[in-house]
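Structure assessment
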Amino acid sequence: MAYFLQQLINGLTLGSIYGLIAIGYTMVYGIIGMINFAHGEIYMIGAFISIIALLVLGLAGVTCVPLALALVLLTTMFFTSIYGWAVERVAYRPLRGSPRLAPLISAIGTSIFLLNYVQILQGARGKPMPPLIQGGFTLYESGGFSVRLSYLQLLIILVTLALMAGFTTVIATTSLGRAQRACEQDIGMAALLGVNVDQVISTTFMMGAALAAVAGLMVTLYYGVVDFFIGFLAGVKAFTAAVLGGIGSLPGAMLGGVLIGLIEAFWSGYFTVEYKDVSGFAVLILVLVFRPTGLLGRPELEKV
Amino acid sequence: MTAASGFAAENPARASADWAVELKDAGLAALAATLLALPLMGLQTYDVGGGALGVRTRFDWVVVAAAAVFAGRLILRICHRLTRRRERRSDGVLASLTASTSRRTSLLAATGIAFAVALPVLPFSSRYLIDLGTTVLIYVMLGWGLNIVVGLAGLLDLGYVAFYAVGAYTFALLARDLGLTFWQALPFSGLVAAGFGVILGFPVLRLRGDYLAIVTLGFGEIIRIVLVNWSPVTGGPNGISDIPRPSFFGLPFARSSPEGATTFAQFFGLEFSPNQRVVFLYFVILALALVTNLFTLRLRKLPIGRAWEALREDEVACRALGINPTNVKLSAFGIGAMLGGFAGCFFATRQGFISPESFTFTESATILAIVVLGGAGSQIGVVLAAILLVTLPELGRAFAEFRMLLFGAAMVAIMAWRPRGLLAYREPSLHLAPRPRWARLR
């Protein structure tokens, strides 16, 4: 029971991170119907920028941890969202309206480019980060095994919940959100009705990148090390999460992320660690066989 | 602004306003570049020892990057402006190829085949060139295999490398455990790969485009992870080595013959040279690739090939006409997988050593890029794209660590340049009436 609870907490933490990345995939897919393959690299860039920002703040003498974290969060979101904007502007916008596969290849090219860009600029070795937030609560203790919820895990889950709430509000109530929903339904019609489609798409990419940046910061704090190749696997898993939840649906992305996190945590807790990356895919295939549009996805209408 | 540029030549006031616009645009691009470069280029993390990190600044790089983007953007816009007024119709050699008659296409194909056959005896050929040619042909074959799935049947497969891996490992295991030779194992490699294709395809083929993409990607990763972790059988990350080389109708390519058998060099009374095997491998993959091509071209004329293309164009209409989409897709998936399996078998015998590292997602992405770049559905386009994508990193060796960086950038640039692929030739194999002129120019 204690072990189960512990895995549940670990899984929720991991799932929050996947969910944050998955939102970027699902929003972009919802609006322009393409898989933004470079999103995993955006998350990796977010992790690198966060570690650099932390170091710079350390040099600048900011010692108050909450203040430093807040500053790092904002700078990371800002700079990473510019990367998101640039990727859309350079790699995807020239291809809008071309066959469906073209932007996909362009995205894969972008992903290769960004991966090597960071590797060349920052070096191939993992970047270690001393733990900033230590300690936690002991929730439950039995038979020498204690269930712990560290402050960091709590922070990750809370920040994710706050961002989710914030985002849902933005999408549901602001004019930007209305424009995004309009573009999601019919991009051509939205343009005719005066929605600045280019701007909406750019903003969507920036929002997705900002969320991925938060995930990058969280991962830096959580694992204490950042590599230039973390983007691919995290990206694939987050995309799996987005598809699992039903691509195009925001709550679906979050649900899918949490599910993938839980599956991984329980799989490595109860079965083998080696095959933990297989577990997520296996569950995805199973779910898609029975619900081809994902858990919360709407069925697509087929028209002749 | 687009409309204004046409009058720029006659109206000097407008022209100067245009210049201001261009400069402002380039300035904004440079600003964006500065912001992009600032955190990752301008600040570099480095080890200070003891597991700690330090940061050093490189702001001169940021200035250079911003200046380069400013100049590049300005030049690009000016070039764009100068060329925009010309007719869009003359799109160069490639466009005329696209609209070419089938006779000209077959002439090109014949020239290509003649060149490929003659390559080993051409005066400038070298061992390096033949090796490169072999690699290109492997990718051509993989590209043609994937072309059936993506180009003809219109199914997005991001895990094609899984079948390539299955083919390679099938041969490696058959050779290691049962002592089969390359030629004996080749059909099995194809069959096992096709089996995997059908097994994967069966549950997932009713999914729509992008869902299929992620499932195939996941399948590719599953195969790779299993290969890494199932050490007793697959050798884990160390892979399988000492895979037998192919023989020429039972004549091995070796310096000295094992117990009484004749080697290739002895039989033909030649001086032994390691190049003989390289050339032989080249011809084997050339033959395999040509058979693949012939096979695909014939398939396209069969009802099943017609059904693939019809399905790609309109699934609902196909269903209305009584085509069973699942079976048709499954056959495309299986046949594509089989061709990948053959290529994998050849890859294993050529390398003599395989490990899961050769079957990463990057490979799938490269093969898919070859198909899309070639113009999905075009056989010759695949060849051109394979040559381009294989030789590009080779040429880039001079740039050492910047090789893959340039590769990624080139992929983006080529897609932006020709979004429909080098040879956008997606004309159906069969149509009732001659296509109108506007449709051909499209």
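Report follows, based on the coordinates.

**Quick notes on the overall build of chain A**
When helices and strands are tallied, chain A shows 11 helices and four strands. Across its three principal directions, the C-alpha atoms of chain A cover 65 × 50 × 35 Å. Here chain A holds 304 residues, and the buried ones make up 50% of them. Expressed as a percentage of contacts within chain A between residues at least 6 apart in sequence, the contacts between residues at least 24 apart total 75%.

**Regarding the interface of chain B and chain A**
Every contact between the two is made by 50 residues of chain B and, on the other side, 53 residues of chain A. At the level of secondary structure, the elements contributing two or more residues to the side of chain B that touches chain A comprise α2 (12-40), β1 (43-49), β2 (52-57), α8 (182-204), α9 (209-229), α14 (315-320), α16 (361-374) and α18 (403-417) of chain B. Residue composition of the side of chain B that touches chain A, grouped by class: 38 nonpolar, six polar and six charged.

**Quick look at the nonpolar core**
Ile105 of chain A together with Met141, Ile285 and Leu368 of chain B are the most contacted members of the largest nonpolar core, which has 211 residues in total. For this core, the element with the highest residue contribution is helix α8 (residues 197-223) of chain A, accounting for 16 residues. Split by domain, the residues of this core number at least three in each of domain 1 (2-84) and domain 2 (97-441) of chain B. With residues near it in sequence (within four places) discarded, Ile285 of chain B still touches Thr134, Leu137, Ile138, Met141 and Phe346 of chain B.

**Description of the environment of Pro292 of chain A**
The residue Pro292 of chain A is located in the segment after α11 (276-290) in this model. Along the backbone, Pro292 of chain A and Leu244 of chain A are 48 residues apart, and their C-alpha atoms lie at a distance of 9.3 Å. Once residues within four sequence positions are removed from consideration, Pro292 of chain A is found in contact with Arg206, Leu207 and Tyr211 of chain B.

**Some words on the packing of helix α12 (residues 274-301) of chain B against helix α15 (residues 325-351) of chain B**
Residues and elements named next belong to chain B. One can describe the packing of α12 onto α15 by two numbers: an axis separation of 11 Å at closest approach and a directional angle of 180°. It follows that α12 is roughly antiparallel to α15 by the angle criterion. Together, Leu281, Val284, Ile285, Leu288 and Thr292 of α12 and Leu339, Phe342, Phe346 and Arg350 of α15 make up the contact between the two elements. Class assignment for the residues of the contact of α12 with α15 results in seven nonpolar, one polar and one charged.

Criteria and cut-off values
- Residues numbered from 1 in each chain as written.
- Chains lettered and ligands numbered in written order.
- Predicted model: local features only at pLDDT ≥ 70, side-chain atom pairs only at ≥ 80, totals over all residues.
- Helix = DSSP H or I, 4+ residues; strand = E, 2+ residues; numbered from the N terminus.
- Buried ≥ 20, exposed ≤ 12 C-beta atoms within 10 Å, placed from the backbone.
- Contact = placed C-beta atoms within 7 Å.
- Nonpolar A, V, L, I, M, F, W, Y, C, P; charged D, E, K, R; others polar.
- Core = buried A, V, L, I, M, F, W, Y, C linked by C-beta atoms within 7 Å.
- Domains from an automatic or database assignment.
- Axes fitted to C-alpha atoms, helices over the stretch in contact; angles between N-to-C directions.
- Parallel < 35°, antiparallel > 145°, perpendicular 65-115°, else oblique.

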